[in-house]
Amino acid sequence: MAAETGLVFHPMDQFIVKPLFGDGPVMWYTPTNATLWMLLAVLCVVALFVLGTRGRAVIPTRLQSVAEVFYGFIYKMVEDVTGHDGVKYFPWIMTLFLFIFFSNMLALIPTAFAPTSHIAVTAVLGFGVFIAVTVIGFVKNGASFLGMFWMKEAPLFLRPVIAVIEVISYFVRPVSHSIRLAGNITAGHAVVKVFAAFAGIALIAPVSILAITAIYALEVLVAVIQAYVFTILTCVYLKDALHPAH
Amino acid sequence: MELAAAAALGKYIGAGIAAIGAGIAAVGVGNVAANYLAGALRNPSAAASQTATLFIGLAFAEALGIFAFLVALLLMFAA
Amino acid sequence: MATETLADGMVQGGAAVGSCLGLDGSAIGMPQLCTDWMPNQIFWLLVALIAIYFFLSRIGLPRIGAVLAERQGTITNDLAAAEEMKLQAVAAERAYVEALERARADANKIVAEAKAEIQKDLDVALAKADAEISAKAAVSEARIADIRAGAVDAVTQVAKDTAKELVAALGGSPDARAVTAAVSARLKG
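Rules behind the numbers
Residues numbered from 1 in each chain as written. Chains lettered and ligands numbered in written order. Predicted model: local features only at pLDDT ≥ 70, side-chain atom pairs only at ≥ 80, totals over all residues. Heavy atoms only, no water. UniProt positions renumbered as here; feature names shortened; annotations may be inferred. Contact = heavy atoms within 4.5 Å. Buried area = accessible area lost by both parts, 1.4 Å probe. Salt bridge = Lys/Arg side-chain N within 4 Å of Asp/Glu carboxyl O. Polar contact = N/O pair within 3.5 Å; in protein donor to acceptor, adjacent residues only side chain to side chain. Helix = DSSP H or I, 4+ residues; strand = E, 2+ residues; numbered from the N terminus. Nonpolar A, V, L, I, M, F, W, Y, C, P; charged D, E, K, R; others polar. Buried < 20%, exposed > 50% of the residue type's maximum accessible area, 1.4 Å probe, protein only. pLDDT = per-residue confidence, 0-100.

- Under an unreviewed UniProt entry, chain C has the name ATP synthase subunit b and belongs to Pseudotabrizicola sediminis.

- As annotated in an unreviewed UniProt entry, chain B carries the name ATP synthase subunit c and comes from Pseudotabrizicola sediminis.
- Database annotation for chain B, UniProt heading Sequence similarities (unreviewed entry): "Belongs to the ATPase C chain family."

What follows is the structure in structure tokens.
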């Protein structure tokens, strides 16, 4: 339909996974553009947290103080939300946050690939958190973890209904957790691409470019906020597992 | 062929209707932010401790808008 | 509809590119839902996560934790040292103020003593000077008296002699005693 009007809309093509070398089929081990951008995120983490902190300086260098800001921010979040016994899961949460943060930010470079826009990626993250949290909950609390679904405060005849709702909402968590991230990133990138297609018409090109600029600024914000939201929801779920009786 | 044309039409109409959901989610997000701001102005000292709650609330409200957007995308590209 | 035509093209196009790409290289449907690519993404995601976790838990986080702890320790120590130094400074200031007060009192005393001594010397010197001045004045007065006496005698003598000569020149015989008496009377008068 779009092609008939002279405009070329391919907002979804930016999410195509292609092999980096040649154009054979994408096997599970093939280095693809997804591989490249994920590993760039890893490189950013290494640059910040290994090279940046190389000096171990009491008076930090610029890079080290950035790393310390990340550390302090996530550490405080974990401690505030999950309490003191959640701190031992801090490296995992830090890993999640840094991966999502750098993937989101790197994806904003024009022509970049956004790993976190793919359900396959975010579902692994979301369901990984879900499974880990459920296992931790049962290991720490045994069967009393199930008490989380049985509201003691509610009237007795309502409790089974509430329990059903609670169980459903518990199992929806990983779905919303992962789709929220992928959806936000996909939506932002697709919107930028749609506006970019409008820039092909000379008459509305200035408006379209202005709109791209504005949406881009919003996307920078979204990239940070979604990383933050994913992390803090992970902390909240972890808190539920550690202290099921609110 | 007429059936296929009707299906294509229905697909795009459905995507358009689903996109309304994104707008309604925007109302929800605005509601969360507005109430947070109102509360923060009444009691500024408690505001800082509730930013995490604010973002969680925003995330939940926004997730539903994203679901609507996803339905639109699925209709457009995958159905 | 477009999807269907693209799908047809794909079927003719070949299995090399998989079932998610059209002949023109654009995506069929949402690339996010293409199951062909999922194992690849999941595999590399796990690699990336494990790499990040390894670097963070082995190197990055312990390092930053140690640095933060060290900094906290340094700050605590420095604060304690600063507190101590502040106390020392307060004590030093008190000692300084005391010393200053004492020095001022000493100085006042010394000034007073010096003043008294100078006054004494001055008194002595003044007394001596006064004595000398009065002695010299007495001598001078004596001399002035002598001179005055000498002058009166001389005047008397000259007057008597002059009177005798005048009397003799005028042809009288001067009675020395009478002339003297007359001159003395006139001089007194």
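Let us keep going from here.
**Comments concerning the interface of chain A and chain C**
- Facing 50 residues of chain A, the contacting portion of chain C comprises 39 residues.
- At the boundary of chain A with chain C, total buried surface from both sides reaches about 4,000 Å², with 75% on carbon and sulfur atoms.
- Of all residues in chain A, Trp 28, Val 58 and Tyr 71 of chain A bury the most surface against chain C, accounting for 15% of the area lost on that side.
- Between chain A and chain C we count one salt bridge in total.
- Our enumeration of links across chain A and chain C arrives at twelve residue pairs in polar contact (both at pLDDT 80 or more).
- Of all the secondary-structure elements, those providing two or more residues to the side of chain A that touches chain C are α1 (33-51), α2 (62-82), α3 (90-107) and α4 (119-141) of chain A.
- Its residues assigned to classes, the side of chain A that touches chain C comprises 34 nonpolar, eleven polar and five charged.

**Re the interface of chain B and chain A**
- The interface of chain B with chain A comprises 14 residues on the first partner and 17 residues on the second.
- Buried surface at the junction of chain B and chain A, both sides included, amounts to about 1,400 Å², of which 84% is carbon and sulfur.
- Applying the counting rule to chain B against chain A returns zero salt bridges.
- It is helix α3 (residues 51-78) of chain B that contributes the most residues to the side of chain B that touches chain A, 13 residues altogether.
- Here the residues of the side of chain B that touches chain A sort into 13 nonpolar, no polar and one charged.

**Quick look at the UniProt feature "transmembrane region" (unreviewed entry) in chain B**
- Summarizing the sequence annotation, UniProt attributes the feature "transmembrane region" (unreviewed entry) to residues 12-34 and 54-78 of chain B in the numbering used throughout.
- Across residues 54-78 of chain B one finds 100% helix and 0% strand; the C-alpha atoms that close the span lie 34 Å apart.

**Overview of the pattern of salt bridges**
Residues and elements named next belong to chain A.
- In the structure shown here, the tally under the stated rule is four salt bridges over all chains.
- In this structure, the salt-bridge partner of Lys 76 is Asp 80, at a minimum N-O distance of 3.0 Å. With Lys 76 and Asp 80 both in helix α2, this residue pair falls four residues apart, about one helical turn. Across this residue pair, the class does not change: Lys 76 and Asp 80 are exposed.

**Some points on the UniProt feature "domain: V-ATPase proteolipid subunit C-like" (unreviewed entry) in chain B**
- On the UniProt side, "domain: V-ATPase proteolipid subunit C-like" (unreviewed entry) is annotated at positions that read residues 13-75 of chain B here.
- Taken end to end, residues 13-75 of chain B is 94% helix and 0% strand, and its first and last C-alpha atoms sit 9 Å apart.

**What to know about the side chain of Asp 240 of chain A**
- For Asp 240 of chain A, the location among the structural elements is in helix α6 (residues 205-242).
- A distance of 2.5 Å separates the side chain of Asp 240 of chain A from the side chain of Arg 173 of chain A, its partner in a polar contact.

**Brief notes about the UniProt feature "transmembrane region" (unreviewed entry) in chain C**
- Following the UniProt record, the feature "transmembrane region" (unreviewed entry) maps to residues 42-61 of chain C here.
- Across residues 42-61 of chain C, the secondary structure splits into 100% helix and 0% strand, with the terminal C-alpha atoms separated by 26 Å.

**Topic: the environment of Leu 20 of chain A**
Residue and element names in this part refer to chain A.
- Relative to the elements of secondary structure, Leu 20 occurs in the segment before α1.
- A relative accessible area of 37% means that Leu 20 is categorised as partly exposed.
- With twelve residues separating them along the chain, Leu 20 and Thr 32 place their C-alpha atoms 4.8 Å apart.
- Look past the residues within four positions of Leu 20 in its chain and what remains in contact with it is Pro 31, Thr 32, Asn 33 and Leu 36.

**Observations regarding the confidence of the model for chain C**
Residue and element names in this part refer to chain C.
- For chain C, the mean per-residue pLDDT works out to 84, and 90% of the residues sit at or above 70.
- The lowest-confidence element of chain C is helix α1 (residues 2-13), averaging 40 in pLDDT; the highest-confidence one is helix α2 (residues 38-169), averaging 92.
- Residue range residues 1-16 is modelled with pLDDT below 50. Its contacts to residues more than four positions away, or to other chains, number 19 contacts.

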